[in-house]
Amino acid sequence: MFVLVNLKTYPCDPLEIATAVRDVDETTDARLAVAPQAIHIERVAETGVETWAQHVDPIEHGSNTGHTLAESVADAGAVGTLVNHSERRLKLADIDGAVRAAERADLETVVCANNPEQIGAGAALGPDAVAVEPPELIGTGTPVSQADPGVVENAVVAAENVDDDVSVLCGAGISTGEDVTAADDLGTEGVLLASGVAKADNPRAALDDLVEPL
Ligand code: G3P
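Residues numbered from 1 in each chain as written. Predicted model: local features only at pLDDT ≥ 70, side-chain atom pairs only at ≥ 80, totals over all residues. Heavy atoms only, no water.

### Side note on the pattern of salt bridges
Two side chains that carry opposite charge are able to pair once their charged atoms sit near each other.
Move 1: Tallied over the entire structure, the rule returns 10 salt bridges.
Move 2: Note that Arg-104 is salt-bridged to Glu-60, the shortest N-O span being 4.0 Å. Taken together, the residues span a long stretch of sequence, with Arg-104 in helix H4 (residues 92–104) and Glu-60 in the loop between strand S3 (52–53) and helix H3 (70–76) at a distance of 44 residues.
Move 3: Residues participating in the shared-partner salt-bridge network are Arg-31, Glu-50 and Glu-108. (Salt bridge = Lys/Arg side-chain N within 4 Å of Asp/Glu carboxyl O. Helix = DSSP H or I, 4+ residues; strand = E, 2+ residues; numbered from the N terminus.)

Rendered as structure tokens:
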């Protein structure tokens, strides 16, 4: 299972969490990675943890101001990027452009989507993975795998129907090893989570709990 920890703009210490993710990754067969804010990517990547960007823009080098260039996050040490997170939504053409920009920079891609229909559309753009996250469950602590298992199962089917090389992750409210096991049982290949680690009093303990059953 892939466990991708998105730090959003939470007031956590990105290096403390990066170090904990790196250390826990070494204790398990699961694959762990962290997605800090763009400004923290370089320092986080220097810890040796697998580092992802939270977003890249559908642009190339050139006349663009206030954008995030895929090549720059790759140079800073990111190996992958989220695209179209629920809190950073893009138009369809821009999702396509961001996936192409990430490919150009050799970044792995996870296209986020709210529901199975959008998962099918995201999978058609050829990312490495898609992630289904019902927005109403994000940050609630109520796991999507428990609150709405059908949306996860339907997302897996929707992605398979389009391209069975595209992996499916699920997210929203995931915070325990039990939630990760449930996501596995529903047919996903990983989880995308944030508050369960970024807002935890003890991020290391939260990470240990997440991977305990794996
Ligand atoms: O990117 C992960 C995310 O949107 C889910 O957030 O806090 O419910 O784990 P959370």
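Read on for the rest.
### A few points about the site of the ligand
Move 1: Lining the immediate surroundings of the ligand are Asn-6, Lys-8, His-85, Glu-133, Ile-138, Gly-139, Ala-172, Gly-173, Leu-192, Leu-193, Ala-194 and Ser-195.
Move 2: The contact in question runs from an oxygen atom of the ligand to an N or O atom on the backbone of Ala-194, over 2.8 Å.
Move 3: A distance of 2.4 Å separates an oxygen atom of the ligand from a polar side-chain atom of Ser-195.
Move 4: When the free accessible area of the ligand is taken as 310 Å², the share hidden by the protein chains comes to 100%. (Near = heavy atom within 4 Å. Polar contact = N/O pair within 3.5 Å; in protein donor to acceptor, adjacent residues only side chain to side chain. Areas by Shrake-Rupley, 256 points an atom, 1.4 Å probe, with all protein chains shown as cover.)

### A short note on the UniProt feature "binding site: substrate" (unreviewed entry) in the protein
Move 1: According to UniProt, the "binding site: substrate" (unreviewed entry) feature falls on Asn-6, Leu-7, Lys-8, Ile-138, Gly-173, Ala-194 and Ser-195. Judged by maximum C-alpha separation, these annotated positions cover 190 residues in sequence but sit close together in space, the widest gap being only 14.2 Å.
Move 2: The residue Asn-6 is located in strand S1 (residues 2–6) in this model.
Move 3: Residue class for Asn-6 comes out buried when judged on its relative accessible area of 4%.
Move 4: When residues no more than four places from it in sequence are discounted, the contact partners of Asn-6 are Ala-35, Gln-54, Leu-82, His-85, Leu-192, Leu-193 and Ala-194.
Move 5: Here the side chain of Asn-6 touches Lys-8 through a polar contact of 2.9 Å, landing on its backbone nitrogen. (UniProt positions renumbered as here; feature names shortened; annotations may be inferred. Buried < 20%, exposed > 50% of the residue type's maximum accessible area, 1.4 Å probe, protein only. Contact = heavy atoms within 4.5 Å.)

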